[in-house]
Amino acid sequence: MAKSSSLNVRVVEGRALPAKDVSGSSDPYCIVKVDDEVVARTATIWRSLSPFWGEEYTVHLPLDFHHLAFYVLDEDTVGHDDIIGKISLSREAITADPRGIDSWINLSHVDPDAEVQGEICLAVQMLEDVRGRCLRCHVLQARDLAPRDISGTSDPFARVFWGSQSLETSTIKKTRFPHWDEVLELREMPGPPSPLRVELWDWDMVGKNDFLGMVEFPPQVLQQNPPNGWFHLLPFPRAEEDSGGSLGALRLKVRLTEDRVLPSQYYQPLRELLMESVLGPAEEDAASPLAVLEELTSGDCRQELATKLVKLFLGQGLAGPFLDYLTRREVARTTDPNTLFRSNSLASKSMEQFLKLVGMPYLHEVLRPVINRVFEEKKYMELDPCKMDLGRTRRISFKGAPSEEHVREASLGLLTGYLGPIMDTIVGSVGRCPPAIRLAFKQLRQCVEERFPQAEHKDVKNLAISGFLFLRFFAPAILTPKLFDLRDQHADPQTRRSLLLLAKAVQSIGNLGQQLGQGKELWMAPLHPFLLQSISRVRDFLDQLVDVDGKEEPGGPARALVPPSVTVREGYLLKRKEEPAGLATRFAFKKRYFQLSGEMLSYSRSPECQTRSSMPVSHIRAVERVDEGAFQLPHVMQVVTQDGVGALHTTYLQCKNVNELNQWLSALRKASAPNPDKLAAWHPGAFRSAHWTCCLQAERSAAGCSRTHSAVTLGDWSDPLDPDAETQMVYRQLLLGRDRLRMKFLEDSTLDTTPEADTEKGACPAALAHQREAAARLLEVLADLDQAHEEFQPQEQRKVAPGPLRP
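Each value, and the rule that gives it
For every chain, the first residue of the written sequence is number 1, and numbering continues from 1 onward in sequence order. The predicted nature of this model means local features are confined to residues of pLDDT at least 70 and side-chain atom pairs, given and counted, to a pLDDT of 80 or more, with totals for whole chains, interfaces and linings taken over all residues. To get the side-chain values, all heavy atoms of the structure are used, and hydrogens and water are removed first. Numbering of helices and strands runs from the N terminus; a helix is a DSSP stretch of H or I covering at least four residues, while a strand is a stretch of E covering at least two. Type-normalised accessible area, obtained with a 1.4 Å probe on protein chains alone, sets the label of each residue: buried when under 20%, exposed when over 50%, and partly exposed for intermediate values. A contact between two residues is defined here by any heavy atoms of the two lying within 4.5 Å. The accessible surface values rely on the Shrake-Rupley method and a 1.4 Å probe; as for residues, cover is taken only from the protein chains in view. At least two DSSP bridges between two strands are required for those strands to pair. In this analysis, axes come from line fits to C-alpha atoms, helices being fitted only over the stretch in contact, and the angle between any two N-to-C directions falls in the range 0 to 180 degrees. In plain terms, two cysteine sulfur atoms within 2.5 Å form what is called a disulfide here. Note on aromatic contacts: the rings of Phe and Tyr and the six-membered ring of Trp form a pair at centre separations within 6.5 Å, being stacked when their planes are under 30 degrees apart, edge-to-face when over 60 apart, and tilted otherwise. Counted as over-ring charges are cases with an Arg CZ or a Lys NZ within 6 Å of the ring centre that also lie within 35 degrees of the ring normal. Salt bridges are defined as contacts in which a side-chain nitrogen from Lys or Arg sits within 4 Å of a carboxyl oxygen from Asp or Glu. One fewer than the residue count of a helix, multiplied by 1.5 Å, yields its expected span. Polar contact criterion, stated in full: a pair of N or O atoms within 3.5 Å, where within protein one must be able to donate a hydrogen and the other to accept it, and residues adjacent in sequence count only if both atoms are side-chain atoms. Any angle that falls under 35 degrees is termed roughly parallel, while one over 145 is termed roughly antiparallel, one within 65 to 115 roughly perpendicular, and all others oblique. Helix crossings get a hand from a simple test, with the near helix turned counterclockwise from the far one by less than a right angle marking a left-handed crossing and a clockwise turn marking a right-handed one. Each nonpolar core is a collection of buried residues, namely Ala, Val, Leu, Ile, Met, Phe, Trp, Tyr and Cys, held together in the definition by side-chain atoms within 4.5 Å. Throughout, the arc means that of the directions going from the helix axis to the C-beta atoms. Every residue gets a pLDDT, meaning the predictor's confidence in that residue, from 0 to 100. Note on residue categories: nonpolar means Ala, Val, Leu, Ile, Met, Phe, Trp, Tyr, Cys or Pro, charged means Asp, Glu, Lys or Arg, and polar means any other residue, Gly included.

K.L.:
Explain the overall build of the protein chain to me, please; I cannot follow it from the model alone.
P.N.:
Helix and strand content of the protein chain: 18 helices and 28 strands. A total of 807 residues make up the protein chain; the buried ones form 50% of that total. If you take every contact in the protein chain between residues at least 6 apart in sequence, the share linking residues at least 24 apart comes to 69%. In the form shown here, the protein chain has an accessible surface area of approximately 37700 Å², with 51% of it arising from carbon and sulfur atoms.

Below is the structure:
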């Protein structure tokens, strides 16, 4: 049995932040940390005391996750960034409400004594001899300690307290990964039983020592289960300080999802019910698992459920029947074609998530070239006279004085210059669109055409497809390219406005001219000739898109969302030149273009270069961060591979920023997730000057001094398929509707089950009998899963002892 844990974090906005700049404003951004790992950095919102970010992250976590922290900083383009404040949320605080946290939280002052991180390894024994009781504390090592010195390291020592006695270890200079291997013995003194407290400190030659963290064990733990293992360091106990809002506040949405995933065979009956339901008559189905889920779920939960269902059916090779099932149910209950798929129903969300999961490489191929141009060229474009800033028109060359008309003409030329290549690529991409998407759209079009065959509704069949492809896929990706992995950073305000204009145009094209020229945005009129010309091309494109043979649909189960040979991430990185052991300077890093697929990590001097070097993904044993002090460079990661004779090799890669680093770490960890013999420990430093810069060990082959973080990944479209975890989530949602299902189909039926009663209710007796049978079968499957979870829970509790953290 396994456990899955994921954290959904949304940094919404801030308010009343203090001014840090001489202008009376600030340039705030937010760092998100899970335990000691930085998992995200928001965009910087320039000149704002009430920034709006609206950035969302899903982080897959290890099971021993402790706390989540948000640091708000003011970006300084000259010196060091100023820390404004922080919010720290413990695991217990996040899970106190099953719905998670959705509220404004005041920022607190950053207290150096509270900024602790890392773990300590201890082995404690309680001994007794003729002189009485003795506590023997074996202080072995610590890892990932907070850097307290300007060099990015610390000079740590441990201080052990038991009763009125205390002893200290030696001080290990310039390391965050000290190895002491020292045994300290303390004699019991008269009085009540005492707890054991171990504190870590950074030794300073001048001034007071800096606190690094502590652990404490009560007397009963020392007596019954003496500590032996790794323990998470904690700050000194103190009341939580509230700044009273003087540092401002953040609005956060945080939800932790943890599931106990049973062995695969326990989910098979529920999977069979789900698969059977999509192959039956969708319009008459009211008691299948999918019908129950459709009735129960709403909001954010519906989007998460849609993603899991799409992945589950993709893994079974039945994504087409699944989408067709939901589509037919949605179309059957729609009376006004103008409202078709306009709500966030399970059918709409499932098709939307299907496009993201299957079509992301296609989207990147279509949009990335133009999106990159918009970001790099930073042209000023504006059609709305209420938003025109004539002072910024110096970027555009005019023969005379700038005017609204000049800006409008220049902006129109720029917009069509970007829109033209976008539309040319889209209408020419029929052959590159994934067959699964084309088949899903073919079924969708046929279903809508059968439901609305009237001549006045002839456009509805095309609008159904373009609504998903253009309004829910292309346009949102243009508007927020970072969310679709098209860019590593959010756009600046000017670029964001340009993207909005492009997205509006693509949205109008996707609406096939409906309401063109109506509404409040009449200033878009100069674009109408281009839009109308593009709409006729899109109609032809949609006809070609659905002209596909149904036999091309893959019938077998899928093991991954994209074929292993498809590139899932690419871009320029700085690679450390392979050198013999010795000092590596910053000039040893060379710029190379990297491409990652499920099979290979390859690189060359440029994307066009034919000469490429590569390393098989199957050889990867660890993908981890590198301490900044190892090369005096930020945002460096290492890829540890193993060759055919078992020797380990490390490749160091530098990214442009922390977000790019996190995305490469996540992509590489996901790609290498199935690999056997993954490393449990690693060196976050480099072997230089005959020792490891992290732990100071002199042997190149010395065991790693920190544990690996292979379980920490960012959730996105490239997450691997996991049918057991996906079915577990479906089971959890069905539990919410179990009572309603029982009352609707079973308990009510005991009141009057005669055919006359069924007829009075307006239902076919045979259909009702089928629905009751299906409901009873579903409830039986849920009861069996309940029992399986109850049986596994005691086994899990026996295996997991409280206390030490294991590497």
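The rest of the description comes next.
K.L.:
Looking at this model, I keep getting lost on the sheet that holds strand β10 (residues 156-162). Mind explaining?
P.N.:
To summarise the sheet geometry, strands pair through backbone hydrogen bonds and adopt either a parallel or an antiparallel arrangement. With respect to topology, four strands assemble into an open sheet ordered β11-β10-β13-β14, the strand pairing being antiparallel. Every other strand in the sheet has two partners, leaving β11 (165-168) and β14 (210-217) as the edge strands with one partner each. Geometrically, the sheet is characterised by an average inter-axis angle of 20° between neighbouring strands, direction not taken into account. When β10 meets β11, the two strands line up antiparallel, connected through four bridges. Looking at the pairing, Trp162 lines up with Gln165 of β11.

K.L.:
It is not clear to me how the state of the cysteines should be interpreted in this structure. Could you clarify?
P.N.:
This model, assessed by the stated rule, comprises zero disulfides. Note on Cys695: no disulfide assigned, nearest cysteine sulfur contributed by Cys705 at a separation of 3.9 Å.

K.L.:
Help me out: how do you make sense of the packing of aromatic side chains in this one?
P.N.:
With the rule as written, the count across this model stands at 15 aromatic pairs. Seen from their ring centres, Trp201 and Phe211 are 5.3 Å apart, and the 70° between their planes marks the pair as edge-to-face. Taken together, the positions of Trp201 in strand β13 (residues 196-202) and Phe211 in strand β14 put the pair ten residues apart, joining distant regions of the chain. The class for Phe211 is buried, based on a relative accessible area of 1%. Ring-pair connections join several aromatic residues into one group, and the members of that group are Tyr362, Phe470, Phe473 and Phe474. Positioned above the aromatic ring of Trp104, the side-chain terminus of Arg15 is 4.1 Å from the ring centre.

K.L.:
Is there a simple way to explain the pattern of salt bridges in this structure?
P.N.:
Between side chains of opposite charge, pairing is possible as soon as their charged atoms come close. Tallied over the full model, the rule gives 43 salt bridges. Glu365 is paired through a salt bridge with Arg432; the nearest N and O atoms lie 3.2 Å apart. Within this pair, whereas Glu365 is found in helix α7 (residues 346-377), its partner Arg432 is found in the loop between α8 (404-427) and α9 (435-451), the two being separated by 67 residues in sequence. A relative accessible area of 36% means that Arg432 is categorised as partly exposed.

K.L.:
Sorry, what's going on with unusual backbone geometry here?
P.N.:
Across residues other than glycine, the phi torsion is negative in most instances, and most of the peptide bonds are trans. Phi angles above zero are rare outside glycine, and Ala16 is one such case at about 55°. Here Ala16 shows up in the loop between β1 (2-15) and β2 (28-34).

K.L.:
Help me understand α8 in this model?
P.N.:
Think of an α-helix as turning once every 3.6 residues; residues three or four places apart then point the same way. In a regular helix each residue adds 1.5 Å, so 24 residues correspond to 34 Å; α8 covers 33 Å between its end C-alpha atoms and thus fits that length. Those residues of α8 that sit buried are Val407, Arg408, Ser411, Leu415, Tyr418, Leu419, Gly420, Ile422, Met423, Ile426 and Val427. Structurally, α8 contributes buried residues whose contacts are with α7, α10 (460-479), α11 (493-510) and α12 (528-545).

K.L.:
Help me understand the pairing of β13 in this model?
P.N.:
For a regular strand, the rule is simple: side chains alternate between the two faces of the sheet. For β13, a buried count of six out of seven residues is recorded, marking the element as mostly surrounded by other parts of the structure. Both β13 and β14 contribute to a ladder of seven bridges, which runs antiparallel. Following the sheet pairing, Leu200 is matched in β14 by Gly213.

K.L.:
Whenever I open this one, the sheet that holds strand β5 (residues 67-74) confuses me. Can you help?
P.N.:
Pairing in this open sheet of four strands is antiparallel, and the strands run β3-β2-β5-β6 from one edge to the other. Across the chains shown, the open sheet's two edge strands, defined by having one partner strand only, are β3 (37-41) and β6 (82-90). Between one strand axis and the next, the sheet turns through 25° on average, direction left out of account. Sheet topology note: the β2/β5 ladder contains seven bridges and is antiparallel. Bridge pairing in β5 places Cys30 opposite Val72.

K.L.:
Teacher, can you tell me more about the side chain of Ser604 here?
P.N.:
Here Ser604 lies in strand β19 (residues 600-604). According to the relative accessible area criterion, Ser604 is buried, its value standing at 2%. Reaching out from Ser604, the side chain makes a polar contact with the backbone oxygen of Ser606 at a distance of 2.7 Å. Not counting residues within four places of it along the chain, the set of residues in contact with Ser604 comprises Arg592, Tyr593, Cys609, Thr611 and Arg612.

K.L.:
It is not clear to me how the packing of α8 against α11 should be interpreted in this structure. Could you clarify?
P.N.:
When two helices pack together, their arrangement is given by the angle between the helix axes and by the axis-to-axis distance. Relative orientation of the contacting elements α8 and α11 amounts to 50°, with a least axis distance of 11 Å. Here α8 lies oblique to α11, going by the angle between them. Both α8 and α11 take part in a crossing whose hand is right-handed. Of the residues in α11, those in contact with Leu415, Tyr418, Leu419 and Met423 of α8 are Leu501, Leu502, Ala505, Val506 and Ile509.

K.L.:
Can you help me understand the nonpolar core in this one?
P.N.:
Nonpolar side chains in soluble globular proteins tend to be buried together. Judged by nonpolar contacts, the single largest core of 114 residues is most densely connected at Phe354, Leu367, Phe441, Phe470, Phe474 and Phe541. In terms of residue count, α7 provides more of this core than any other element does, 16 residues in total.

K.L.:
What is the right way to look at α12 in this model?
P.N.:
Counted at 1.5 Å a residue, the expected span for α12 with its 18 residues is 26 Å, and the 25 Å between its end C-alpha atoms agrees. Buried within α12 we find His528, Phe530, Leu531, Ser534, Ile535, Val538, Phe541, Leu542 and Leu545. One side of α12 carries all its buried residues, which in axial view fall inside an arc of 135°. Facing away from the buried side of α12 by more than 90 degrees, the exposed set consists of Pro529, Leu532 and Gln533. Of the surrounding elements, those touching the buried residues of α12 are α7, α8, α9, α10 and α11.

K.L.:
Is there a simple way to think about the pairing of β19 in this case?
P.N.:
Of all five residues that make up β19, four are buried, and the element is covered over most of its length. Note: strand β18 (residues 589-597) against β19, four bridges, orientation antiparallel. The partner of Tyr593 across the bridge, within β19, is Ser604. Counted between consecutive antiparallel strands, the loop separating β18 from β19 contains two residues. Where β19 and strand β20 (residues 613-616) come together, four bridges link them in antiparallel fashion. Residue Tyr603 lies in a different strand from β20, and its bridge partner there is Ser613.

K.L.:
How should the side chain of Thr153 be read in this particular structure?
P.N.:
Relative to the elements of secondary structure, Thr153 occurs in the loop between β9 (132-143) and β10. Residue classification places Thr153 among the buried positions, given a relative accessible area of 14%. Not counting residues up to four positions away in its chain, the partners in contact with Thr153 are Pro147, Arg148, Lys174, Thr175 and Arg176.

K.L.:
What is the right way to look at the confidence of the model for the protein chain in this model?
P.N.:
Parts of the model with low pLDDT should not have their predicted coordinates read in detail. Of all residues in the protein chain, 88% attain a pLDDT of 70 or more, and the chain-wide mean is 86. Per-element averaging of pLDDT across the protein chain places helix α17 (residues 755-760) at the bottom with 44 and β10 at the top with 96. In this model, residues 552-556 is a region of pLDDT below 50 whose contacts with residues beyond four sequence positions or in other chains number nine contacts. Low pLDDT, under 50, characterises residues 749-761; the stretch is placed with nine contacts to residues that sit more than four places away or in other chains.

K.L.:
Please explain the packing of helix α3 (residues 268-278) against helix α15 (residues 723-736) as it appears in this structure.
P.N.:
Between α3 and α15, whose axes approach to 10 Å, the crossing angle comes to 80°. Considered as vectors, α3 and α15 are oriented roughly perpendicular to each other. Residue-level contacts link Leu270, Arg271 and Leu274 of α3 to Pro723, Asp724, Thr727, Val730, Tyr731 and Leu734 of α15. In terms of residue class, the contact of α3 with α15 is built from six nonpolar, one polar and two charged.

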